[in-house]
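# Structural overview for review
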Amino acid sequence: MNVPHRRTTARRTRIVSRTLLGLVLVAMPVTAYAATPHAGAQQSQQVAAATGLDDPAKKEIAMKLVSSAENSSLDWKAQYKYIEDIGDGRGYTAGIIGFCSGTHDMLDLVELYTARVPGNALAKYLPALRKVDGTDSHSGLGSGFVSAWKTAAKDTAFQTAQNDERDRVYFDPAVKQGKTDGIGTLGQFAYYDAIVMHGDGDDSTSFSSIRKRALAKAKTPAQGGNETTYLNAFLDARVWAMQQEEAHSDTSRVDTEQRVFLKAGNLNLNPPLDWKVYGDPFHIG
């Protein structure tokens, strides 16, 4: 693991409202459908139905792909306890998707966790989190908060809360928009990775702005366009957005990851998958 690359993908400011979804990530082996003892026709129907990133096996792949870029590791579940200030002006960055104390999503997460588990280790820090929201301040937080986060991360309820907020704010919107645009699993992942890094605000490098920039160059499949052509336009727009901020200047998560799959015509993200991020090789068999 190359720790210096950890969490270089600082997000834009994101103000969101909280909704309790109760979604739980379920890991399923990539070979699950092939191993299911159904008749041929019924099995084919099941395989055909698994067309999106929200298929459990594909979702697990997505978590590993993001973790390879965010944490230089495929072990995304080891990141529930992660927390540090990476000096990007967004306060503490923590958890499986980089919730930030300065960009509201960490506050939403701790509020959700406290609604489910009153009196948890992080609950007493809610006033401080509300006060520092929108800043890089550690006021009222500090080492005590860091220790409390790591303690809470051992609680499966907090892990589930992280999963649920990840899905509500990032994963579900990406998959929904991807399906609306008629793009498959790889395209939906490209959307998800973009929202994770850039957020979906109204600035020029947000996900929505990246998508608009791509639409100026190519039509989505839903508009009658070619999927590969559109995804190339989206990735071009994504690279442009990344280059606007020093923290994002290494575009390898696009160049030597997503484009590798696209050039291979692997629009369904079928394993085996081989890619590099920051020069580090990764493999999913």
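All values derive from a computational prediction rather than experimental measurement. One numbering rule holds for all chains: residues counted from 1, following each sequence as written. Per-residue local features are limited, in this predicted model, to residues with pLDDT of at least 70; the limit for side-chain atom pairs, both in listing and counting, is 80 or more; totals at the level of whole chains, interfaces and linings are taken over all residues. Each side-chain value is derived from all of the structure's non-hydrogen atoms; neither hydrogens nor water enter the calculation.

### Focus: the pattern of salt bridges
To keep it simple, the criterion reads: For this document, the term salt bridge refers to a Lys or Arg side-chain nitrogen within 4 Å of an Asp or Glu carboxyl oxygen. Runs of E in the DSSP output that reach at least two residues are strands. Runs of H or I that reach at least four are helices, and both are numbered from the N terminus.
Under the defined criterion, the tally for this structure stands at 13 salt bridges. For Arg-253, the salt bridge is made with Glu-70, and the minimal N-O distance between the two is 3.6 Å. With Arg-253 in helix α11 (residues 252–263) and Glu-70 in helix α3 (residues 56–71), the pair connects residues that are 183 residues apart, well separated along the chain. A cluster of three or more residues bridged by salt bridges with shared partners is formed by Glu-70, Asp-193, Arg-238 and Arg-253.

### Describing the side chain of Arg-259
Convention followed: We define a polar contact as two N or O atoms separated by no more than 3.5 Å, with the added condition that, inside protein, one atom must be a possible hydrogen donor and the other a possible acceptor, whereas residues neighbouring each other in sequence contribute only through side-chain atom pairs. What makes two residues a contact is simply this: any of their non-hydrogen atoms within 4.5 Å.
Topologically, Arg-259 is positioned in helix α11. One polar contact links Arg-259 to Asn-232, side chain to side chain, over a distance of 3.2 Å. For Arg-259, the residues in contact, after removing those within four places along its chain, are Asn-232, Leu-235, Asp-236, Val-239 and Val-254.

### So, the nonpolar core
A general tendency of soluble globular proteins is for nonpolar side chains to be buried together. Keep this limit in mind: Remark: nonpolar core denotes a set of buried residues (Ala, Val, Leu, Ile, Met, Phe, Trp, Tyr, Cys) joined through side-chain atoms within 4.5 Å. Note on classification: 1.4 Å probe, protein chains only; a residue is buried when its accessible area is under 20% of the maximum for its type, exposed when over 50%, partly exposed between these limits.
Formed by 74 residues in total, the largest nonpolar core has its most connected members in Met-106, Leu-122, Phe-145, Trp-149, Tyr-192 and Phe-234. If near-sequence neighbours (up to four positions away) are discounted, Phe-234 is found in contact with Ala-190, Tyr-191, Ala-194, Phe-207, Ile-210, Arg-211 and Ala-214.

What is shown is where atoms sit, not what they do.
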